[in-house]
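# What the coordinates show
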Amino acid sequence: MHPSYYVKTYAAHLEALRQRHGEAEAMEQLVGGADHWVGMLEYGTLLNLGLQPDATIVDVGCGTGRFAHRLSEAAFAGRYVGTDILPDIVNYARQRIARADWTFAVAVAPPLPIEVGSADWVTFFSVFTHIADADIYLYLQEAKRLLKPGGRVVFSFLDFGLADHWPVFEQSLANRSEDGPLNRFLGKDTIRHWSDRLGLRIEAWHDGNEPWIKLSPPNVLHDLSAPFWQSIAVLRAS
């Protein structure tokens, strides 16, 4: 799909949420709600995969800054670049995080605003769940271009092979609209094929119902292992 489709769709969706909820709640609902918890899961995902404190992260689809907010709370000292397609969302995240040394930028399609071969991590949390196949492939191609040797792409996806995700598909069937956000499902075979084509190695899968993310939330005295709910794929650059 043309990038203007996504911009138009999400701008209309955000405006409808503003009409119903007001600014702050609209921003949280735009990215699915549960802002603090999802931010913890996103941060926990990278931490469990070996995130180092001096890494460079490119967070595509940064939304209202829930991942960035958790990174900031954890005093992450590395480089962070967050992108999204709507200026209002990017400005909201920039003001919320208030880190002059971090970058928040509008990018509706590749190329992304960072130097080639400079990223340790390129993340797509709840991005490939809402865009078409060709756009997913182009973003994976761009991620490979940006990664250092050994760097990793991490993305979440709705998995056709997972029964827990089937109700979302049924909901999509029941609520088909040209104006609403797209719900996109992937199969592992498709991801394998794309990875082979791009020269990326599949390092790990984590099904959406697998409690693999170890968390230590505030005021909890024991470790908590949680699922992400969406499935997670980890691809490594050679």
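Everything below is about the structure printed above this text.
Residues numbered from 1 in each chain as written. Predicted model: local features only at pLDDT ≥ 70, side-chain atom pairs only at ≥ 80, totals over all residues. Heavy atoms only, no water.

This part covers the side chain of Thr56. Inspection of the secondary structure assignment puts Thr56 in strand E1 (residues 56-60). A residue is classified by how much of its surface remains accessible, and Thr56, at 9% relative accessible area, is buried. Those residues in contact with Thr56 that sit more than four places away from it in its chain are Arg79, Ile114, Ser118, Ala119, Asp120 and Trp121. (Helix = DSSP H or I, 4+ residues; strand = E, 2+ residues; numbered from the N terminus. Buried < 20%, exposed > 50% of the residue type's maximum accessible area, 1.4 Å probe, protein only. Contact = heavy atoms within 4.5 Å.)

With that settled, consider unusual backbone geometry. Residue Pro110 is joined to Pro111 through a cis peptide bond whose omega torsion reads 5 degrees. With respect to the helices and strands, Pro111 occurs in the loop between strand E3 (103-106) and strand E4 (119-124). A positive phi angle, close to 60 degrees, is found at Ala75, a residue other than glycine.

This part takes up the packing of aromatic side chains. This model, assessed by the stated rule, comprises 17 aromatic pairs. Taking 5.7 Å as the distance between ring centres and 85 degrees as the angle between the ring planes, the aromatic pair formed by Phe67 and Phe125 counts as edge-to-face. Remark: Phe125 occurs in the loop between E4 and helix H6 (133-146) and Phe67 occurs in helix H4 (residues 66-73); sequence separation between them is 58 residues. Looking at Phe67, the relative accessible area reads 1%, which means it is buried. Since its relative accessible area comes to 3%, Phe125 is described here as buried. Between Phe155 and Phe157, the ring centres sit 5.9 Å apart and the planes meet at 55 degrees, which makes this aromatic pair tilted. For the residue pair Phe155 and Phe157, the accessibility class agrees, reading buried in each case. Ring-pair connections join several aromatic residues into one group, and the members of that group are Phe124, Phe128, Tyr139, Phe155, Phe157 and Trp205. Lying over the aromatic face of Trp205, Lys188 brings its terminal NZ or CZ to 5.6 Å of the ring centre. (Phe/Tyr/Trp six-rings, centres within 6.5 Å; stacked < 30°, edge-to-face > 60°. Lys NZ or Arg CZ within 6 Å of the ring centre and 35° of its normal.)

Turning next to the pattern of salt bridges. Oppositely charged side chains can form a pair if their charged atoms are brought close together. Summed over all chains, the structure comprises 16 salt bridges. Measuring nitrogen to oxygen at the nearest pair gives 2.8 Å for the salt bridge that ties Glu23 to Arg18. A salt bridge links Arg192 to Asp189, with the nearest nitrogen and oxygen atoms 2.7 Å apart. Of the two residues, Arg192 and Asp189 both sit in helix H8 (residues 188-198), three residues apart, roughly one turn of that helix. (Salt bridge = Lys/Arg side-chain N within 4 Å of Asp/Glu carboxyl O.)

Let us now look at the environment of Val31. The topology assignment puts Val31 in the loop between helix H2 (23-30) and helix H3 (35-48). Taking the C-alpha atoms as reference, Val31 lies 9.2 Å from Arg66; in sequence the two are 35 residues apart. Residues contacting Val31, with those up to four places away along its chain left out, are Gly63, Thr64 and Arg66.

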